[in-house]
Every structure is written in structure tokens, then in C-alpha cells.
Amino acid sequence: MRIWVNGGLRDADDARLSVLDHGLTVGDGIFETVRTSEGKPFALTRHLDRLTRSARGLGLPDPDLDEVRRAATAVIDANPVPLGRLRITYTGGLSPLGSDRGTAGPSLVVALDGVSRRPDTTAVITVPWTRNERGALTGLKTTSYAENVVALARARERGASEALFPNTTGRLCEGTGSNVFVVLDGRIHTPPVASGCLAGITRALAVEWTGAEESDLSMEVLAEADEVFLTSTLRDIQAVHRVDDRALAAEPGPVTAKAMRIFDERAGSDLDP
């Protein structure tokens, strides 16, 4: 594997940041995950726009998007895979051992690994922990992911691939790395960004392309919905066949299946929508 680190490609064994990088010591960083197919990134412009929004929200300097694009191209060319996960990480850089940032400037790391296509359906669980819709990091894609690690581990223990969170008011919010959609009486709904969920790139495209509605939803909707599906960069649209102990259809329901077809067609016709 060849990885871009602060200005150039490095072999994986030589791709290093200081142990004093603020992204390591206090989680002061942001990231984007971009799907690549046959060496071509999908929706890269949208991802880079969100990278900039996250940087501003965290108080980091705007990333040099020309450099990020060069790094992405170099890494994709150096690591040919049929289906890939391109990870762009941007941190506070070399800093003191505390919350204050140093003056060395940000760090940029871009890496790529190969992935397998996701199954058409999956199982999810709900967890008792909450998303804070009023927090300083709400809506930012930061590297402070330990909460997601804990919740995803709980999901894996229960034979699921994702865990769904409520927010502090008990409303449906999001997964550890996905957005959630429900089908009620033939209409598609998803929690609004005000719920505290990440404004997912795939989420936005799914809303635009399927006519899904942003709706304030209780957690109980997961026990009532006719269909449930997830969206994320690597899932695209993925149906849910089990929520906790509730079994849904083993195959994607008709509304979800149509949404999957629409997404595949639209994404296939425009790699940077």
C-alpha cells in the first residue's frame, strides 16, 4: 500500500505522523471516506465540500482542496483495486499534549484499501446511548469516533452490521456510520439534520433522487415501518432485514428495491453529482 502523508506518497511501513499529532492525542481531526470504482472516485466534490465545512466547524484552516485532489489521484493510481475505500484524514497537526493546538499546521493523510460489495440486506440493533444534537461537533465528520467503535462492537456481538442511535430527546437519529430511512405507507422518511445526524453524502443524494421526506421520527417507528434501509458511502442503499428482534422481509421491499435501482442508475451515469 502507498499512502499520501503531508506532501508525498510513502510506502505503508514508512507512512508516519508524529505521536504528538493532535489527531492522535485528542482526536482533533476530520475525515472523509470516498468510494472508488475501477480507479474513479464517486461524488468527490461533495465530499471535499463537506471536508471544508467540517474543518471550519472544528476551527481548522481550510484544507487545500487542490492538494487533496492531487493526493487522491496519486493514491488511487498507486493502489489499483476494483472497489475501494479512499480515506482522507485532516488533523490539527503537531501540538502540545493537551487541547491547545500547536503552530506547525495541519496534517493530511490519504489512503486507499480494497473492499467487497456489501450484501443487499443487513441486520441492525438500537443502542441506549444518545447522539447530542446540540454538541460542538454535531454535524461534523470528525475523527472522534470512539463512541461509534463501542456501539458497532455491540452490534457485531448481536449479529448485526450497524447500531442506530436516538438523540437526547429520544428521536431517531443515525447509525455509527450511516443514515437511516424508513418506509411508512409507501413514503420514504429520514431524520432531519436537526436531529443531530451527519449530513451524509449518500443520504443527500438518496433524498434528492427518491423524493424522501425529512421527518421528525420517534425510535418506535422502527417497530412500525414497512421497510427500513441504510445509506452510506460504502453501503449506497442497503435494505434492513432485522431491527433488534424484529424480522422484516428477507429481501429488499418494493420501495427500497426501487430506491436501490434509482441510486445505482443515477450514480452510474454521473460520478460527481
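Residues numbered from 1 in each chain as written. Predicted model: local features only at pLDDT ≥ 70, side-chain atom pairs only at ≥ 80, totals over all residues. Heavy atoms only, no water.

A. Up close: the sheet that holds strand S1 (residues 2-5). Read from one edge of the open sheet, six strands run S2-S1-S6-S5-S3-S4, paired in antiparallel fashion. What marks the edges here is a single partner per strand, and that holds for strand S2 (8-11) and strand S4 (40-41). Across two bridges, the pairing between strand S3 (residues 29-37) and S4 is antiparallel. Within S4, the position partnered with Ser37 by the bridge is Lys40. Set on the sheet, helix H3 (residues 65-78) makes contact with S1, S2, S3, S4, strand S5 (83-91) and strand S6 (107-114); between it and S6 the angle comes to about 30 degrees. (Pairing = 2+ DSSP bridges. Helix = DSSP H or I, 4+ residues; strand = E, 2+ residues; numbered from the N terminus. Contact = heavy atoms within 4.5 Å. Axes fitted to C-alpha atoms, helices over the stretch in contact; angles between N-to-C directions.)

B. Focus on the environment of Thr210. Among the secondary structure elements, Thr210 is positioned in helix H5 (residues 201-210). Through-space distance from the C-alpha of Thr210 to that of Thr256 is 9.8 Å; in sequence the pair is 46 residues apart. A polar side-chain atom of Thr210 sits 2.6 Å from the main-chain carbonyl oxygen of Ala206. Here Ala212 takes part through its backbone nitrogen, which lies 3.4 Å from a polar atom of the side chain of Thr210. (Polar contact = N/O pair within 3.5 Å; in protein donor to acceptor, adjacent residues only side chain to side chain.)

C. The arrangement of the packing of aromatic side chains in detail. Inspection of every chain in the model, using the stated rule, returns four aromatic pairs. For the pair Phe42 and Phe263, a centre-to-centre distance of 6.3 Å together with 65 degrees between the ring planes defines the contact as edge-to-face. On the criterion of sequence distance, the pair formed by Phe42 in the loop between S4 and helix H2 (44-58) and Phe263 in helix H6 (residues 254-269) is long-range, its members being 221 residues apart. The interplanar angle of 10 degrees and the centroid separation of 4.8 Å between the aromatic rings of Phe181 and Phe229 together place this pair among those described as stacked. With Phe181 in strand S10 (residues 179-184) and Phe229 in strand S13 (residues 227-232), this pair connects stretches of sequence that are 48 residues apart. As far as burial versus exposure is concerned, Phe181 and Phe229 are alike and both buried. In this structure an aromatic cluster arises from ring pairing among Phe42, Trp209 and Phe263. A cation over an aromatic ring shows up here: Arg35 above the ring of Phe42, its NZ or CZ 4.8 Å from the ring centre. (Phe/Tyr/Trp six-rings, centres within 6.5 Å; stacked < 30°, edge-to-face > 60°. Buried < 20%, exposed > 50% of the residue type's maximum accessible area, 1.4 Å probe, protein only. Lys NZ or Arg CZ within 6 Å of the ring centre and 35° of its normal.)

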